[in-house]
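In case you want the letters, here they are:
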Amino acid sequence: MLGEIYRVSMIGHRIVEDFDIEEKLYDLFCDMLRTKEYVEFYLGRNGDFDIMAASVIKRLQKNFRDDNSVMILVLPYPVKDYEDYDEIVIPKELYGVHPKAAITERNRWMVTNTDVLVAYIRNESGGTAACVRMAKKLGREIIKI
């Protein structure tokens, strides 16, 4: 049986223009793997930030520690060509949600079911900003990258 699970969700803009994001994520995730008993990383696959975060997690699992984390792809609906994740889930709450609303609903699920939201945010409007506001309202820890 696992001990305490620390749930970490990623949210960010599709296009990343900051070149030091991967280094910041590496340091952050390395610290989590070092200090937390077990880490569940929740990711979408909707842009540069998600791709960078997944790459950093895989690198840490390969080169640093692979015994206390899992990388979970959270999909809003079934898609083809899954990438290399430890687990893939479609939350049951998303069944029957119209595809145009599914990504927004998936993001809400991720915020609701997390301990900390890691956010790559450049402005105060749009989906990422809405998720950060929701996390704040729910009392979730927010780490802005």
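These numbers were taken from a predicted model, which means no experiment stands behind them.

### Quick word on the overall build of the protein
Okay, so step 1: When helices and strands are tallied, the protein shows 4 helices and 6 strands.
Okay, so step 2: The helix and strand sequence of the protein, counted from the amino end, reads β-α-β-α-β-β-α-β-α-β.
Okay, so step 3: Taking 2.2 N^0.38 as the reference for a compact globule, 145 residues should give roughly 15 Å; the C-alpha atoms of the protein span a radius of gyration of 14 Å, in line with that estimate.
Okay, so step 4: Each principal axis of the C-alpha distribution contributes one length, and for the protein these read about 40 × 35 × 30 Å.
Okay, so step 5: Counting only residues that meet the buried cut, the protein has 43% of its 145 residues in that class.
Okay, so step 6: Considering only residue pairs separated by 6 or more positions, the protein has 73% of its internal contacts joining residues 24 or more positions apart.
Okay, so step 7: In the structure as shown, the protein presents an accessible area of about 8,200 Å², 49% of it carried by carbon and sulfur atoms.
Okay, so step 8: The centroid of the 21 positive side-chain charges in the protein is displaced by 6 Å from the centroid of its 24 negative side-chain charges.

### Topic: the nonpolar core
Okay, so step 1: The biggest cluster of nonpolar side chains holds 30 residues, and the ones touching the most others in it are Val8, Met10, Leu25, Phe29, Met32, Phe41 and Val118.
Okay, so step 2: Contributing elements (two or more residues each) for this core: β1 (5-12), α1 (21-35), β2 (38-43), α2 (48-63), β3 (69-74) and β5 (116-120).
Okay, so step 3: Not counting residues up to four positions away in its chain, the partners in contact with Phe29 are Met10, Phe41, Ala53, Val56, Ile57, Leu60 and Val118.
Okay, so step 4: Residues Leu117, Ala119, Ile121 and Ala129 belong to the second largest nonpolar core, which totals 9 residues.

### Focus: the pattern of salt bridges
Okay, so step 1: In the structure shown here, the tally under the stated rule is 7 salt bridges.
Okay, so step 2: Notably, a salt bridge pairs Asp20 with Lys24, separated by 3.4 Å at the nearest N-O pair.
Okay, so step 3: Accessibility expressed as a relative area gives 35% for Asp20, which makes it partly exposed.

### A short note on the layout of surface pockets
One water molecule sets the probe size; rolling that probe over the atoms shows where empty space is left.
Okay, so step 1: Estimates place the volume of the largest pocket at around 320 Å³.
Okay, so step 2: Contributing to the lining of the largest pocket are 19 residues, with Ile11, Ile103, Asn107, Gly127 and Thr128 lying nearest its centre.
Okay, so step 3: Broken down by secondary-structure element, the contributors of at least two residues to the lining of the largest pocket are β1, α3 (99-112) and α4 (127-137).
Okay, so step 4: With 6 residues, the single largest contributor to the lining of the largest pocket is α3.
Okay, so step 5: Residues belonging to the lining of the largest pocket are distributed by class as follows: 7 nonpolar, 8 polar and 4 charged.

Basis of the calculations
Residues numbered from 1 in each chain as written. Predicted model: local features only at pLDDT ≥ 70, side-chain atom pairs only at ≥ 80, totals over all residues. Heavy atoms only, no water. Helix = DSSP H or I, 4+ residues; strand = E, 2+ residues; numbered from the N terminus. Rg over C-alpha atoms; globule rule 2.2 N^0.38 Å. Buried < 20%, exposed > 50% of the residue type's maximum accessible area, 1.4 Å probe, protein only. Contact = heavy atoms within 4.5 Å. Areas by Shrake-Rupley, 256 points an atom, 1.4 Å probe, with all protein chains shown as cover. Lys, Arg positive; Asp, Glu negative; His and termini not counted. Charge placed at Lys NZ, Arg CZ, Asp CG, Glu CD. Core = buried A, V, L, I, M, F, W, Y, C linked by side-chain atoms within 4.5 Å. Salt bridge = Lys/Arg side-chain N within 4 Å of Asp/Glu carboxyl O. 1 Å grid on protein atoms, 1.4 Å probe; cavity = no way out; pocket = protein on both sides within 12 Å on 5 of 7 lines; lining within 4 Å. Points joined across faces, edges and corners; volume = space filled by probe spheres on them. Nonpolar A, V, L, I, M, F, W, Y, C, P; charged D, E, K, R; others polar.

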